[in-house]
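Structural overview for review
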Amino acid sequence: MSDMIFVLGDQLSMSGAALRAADKENDVVLMVEASDETTYVRHHKKKIAFVLSAMRHFADDLKKAGYTVEYVKLDDPDNTGSFTGELKRAVQKHKAERVRVVEPGEWRVREMMDGWADEIGVPVDILTDDRFVCDHETFEAWADGRKQLRMEYFYRDMRRQTGYLMDEDGSPTGGQWNFDHDNRERLPDDFEPPKRESFKPDAITNEVLDLVSNRFDNHFGDLEPFWLAVKRDDALKALDHFIEDCLPDFGAYQDAMKKDAPFLFHSLISPYLNNGLLTPTEVCDAAAKAYEEGNAPINAVEGFIRQIIGWREYVRGIYWLKMPDYKETNALSADRPLPDFYWTAETDMDCLKSAISETKENAYAHHIQRLMVTGNFALLAGIAPDDVHDWYISVYADAYEWVELPNTHGMAIFADGGIMASKPYAASGAYINRMSDYCGDCRYKVSKKEGPDACPFNYLYWNFLMENREALKSNHRLGMIYRSLDKMTDARKAQIRSDADQFFSSLEAGEVVASA
């Protein structure tokens, strides 16, 4: 009797639940490169190459470890193009009597899995993904009965559960749960970014790069240079590099932005966490050890661990708690189409141009670029949530729907109406200017509040508050802001609306692009 062990492309962990129970002598491990998964949105070329190369390397590791592997490449002439079609074909080929698979990260794939037993004709065991610190049942129990599902309180429970940065008496190390107030420094003028690890493509990766270049040449993004780790050993090297060379300064400068310095002190390990090459516990263990040995300060280590066991686990919990309705949320009735410059980076708004250009180059942008530049603009401009979601999940190498959707609908554009965030993360140009050097060479002037030379973020911020007053007027965190708005003269409000209307007219005409 043999089982078919189906391993998905974001489950590349030797300790995965399905593999742990495998019988190497009899069971077959199936891995599939499905065209449906590469094209349901137009994924960044570098993202596709990363996923496929990591899968092929993992399949080789499985074979070396003694597993029997059925691996279906994208260009296999018999490839049906779907998970369901390939699983059915493999079960028939190997006469498997049962399928075992770890639960997926995305709702649409879970719906597929739920239909597999009937479609394929053998039992399908869907196992808990225990790579995460918090399972679905634990999150549901935490959320039950709460009026507000705030990450901070969930995070404190995860600290208590895991013991990270906790003293013996049950109090948080350093006397407080959160050191965020120490983590908002602007980069010094003479800052030089640390040199980051990159990984030279080997023969497997080069084969994948050729495939992606030929098959997905019309997708967004730069395929080369390709610098991502695609093997566990290299992912561990990337983690070690971050802990030793970047973590000490990560905390203070994690919200900073700088032109031509896309990585700063950020970890760059989210692609490896999200596809299984690294686990959240080993990542947090490494950070906690750095603090214990005096190699990184508490504000940096706490801020990083909060991103892993706090934010990452929290957004996954929200996703599975609220889907499938969560994807349809649009609390602010936003309906403008996504501007073309999100794909071309051709705009005179230097912050957007920089963030989008770097996304195009690297399939990466750090969290403040995502939230307070591309996300903030989408919020202020009222871009349709579906368009925003499609863009974010397309362009980032670490983007899977469970992590991307709550970050866009919940944080960036407030489409969920406050399930995650206590207020919209709306900001004028002053915030971007304070945390970056983008504004210095921009065609628009951040100091100007109105007129054709004013930073669009300045008047779009107030226009957003006016346009959405009915939906936001009861938000207690916006009371002071609305009182400031009410003190403006009618003439000032009329100018804001006029500037915004002219901007949106130009946007719709495709004229908000780089000057000739």
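The structure we're discussing is the one just above.
In short, a report on the structure.

**Description of the overall build of the protein chain**
Scanning the protein chain from N- to C-terminus turns up 22 helices and five strands. Its C-alpha atoms give the protein chain a radius of gyration of 24 Å, near enough to 24 Å, the size a compact globule of 516 residues would have. Each of the 516 residues in the protein chain was classed as buried or not, and the buried ones make up 59%. When contacts within the protein chain are restricted to residue pairs at least 6 apart in sequence, long-range pairs at least 24 apart make up 77% of them. Side-chain charges in the protein chain split into 60 positive and 89 negative, and the spacing between the mean points of these groups amounts to 3 Å.

**Concerning the packing of helix H6 (residues 136-143) against helix H7 (residues 151-162)**
Between H6 and H7, the least distance of the axes is 11 Å, while the angle of their chain directions is 130°. Our classification of the angle between H6 and H7 gives oblique. With respect to the hand of their crossing, H6 and H7 are arranged in right-handed fashion. Residues Thr138, Phe139 and Trp142 of H6 form the contact with H7, whose own contacting residues are Tyr153, Phe154, Asp157 and Gln161. Within the contact of H6 with H7, the residues separate by chemical class into four nonpolar, two polar and one charged.

**Let's talk about the pairing of strand E5 (residues 124-127)**
When strand E4 (residues 98-102) meets E5, the two strands line up parallel, connected through four bridges. Each residue of the ladder has a partner; that of Val101, found in E5, is Ile126. Note that the unit made of E4, helix H5 (residues 107-120) and E5 has a crossover that is right-handed.

**Thoughts on the environment of Arg312**
Turning to its location among the elements, Arg312 is positioned in helix H12 (residues 298-322). Here Arg312 falls in the buried class, since its relative accessible area comes to 8%. Sequence separation of Arg312 and Gly429 is 117 residues, and the distance between their C-alpha atoms is 28 Å. Beyond its immediate sequence surroundings of up to four residues, Arg312 is in contact with Phe132, Leu273, Asn274, Pro280, Gln307 and Trp402. In this structure the side chain of Arg312 is engaged in a polar contact, spanning 3.1 Å, whose partner is the backbone oxygen of Leu273.

Reading guide: rules and limits
- Residues numbered from 1 in each chain as written.
- Predicted model: local features only at pLDDT ≥ 70, side-chain atom pairs only at ≥ 80, totals over all residues.
- Heavy atoms only, no water.
- Helix = DSSP H or I, 4+ residues; strand = E, 2+ residues; numbered from the N terminus.
- Rg over C-alpha atoms; globule rule 2.2 N^0.38 Å.
- Buried < 20%, exposed > 50% of the residue type's maximum accessible area, 1.4 Å probe, protein only.
- Contact = heavy atoms within 4.5 Å.
- Lys, Arg positive; Asp, Glu negative; His and termini not counted.
- Charge placed at Lys NZ, Arg CZ, Asp CG, Glu CD.
- Axes fitted to C-alpha atoms, helices over the stretch in contact; angles between N-to-C directions.
- Parallel < 35°, antiparallel > 145°, perpendicular 65-115°, else oblique.
- Left-handed = near helix turned anticlockwise from the far one by under 90°.
- Nonpolar A, V, L, I, M, F, W, Y, C, P; charged D, E, K, R; others polar.
- Pairing = 2+ DSSP bridges.
- Right-handed = clockwise from strand over helix to strand, strands pointing away.
- Polar contact = N/O pair within 3.5 Å; in protein donor to acceptor, adjacent residues only side chain to side chain.

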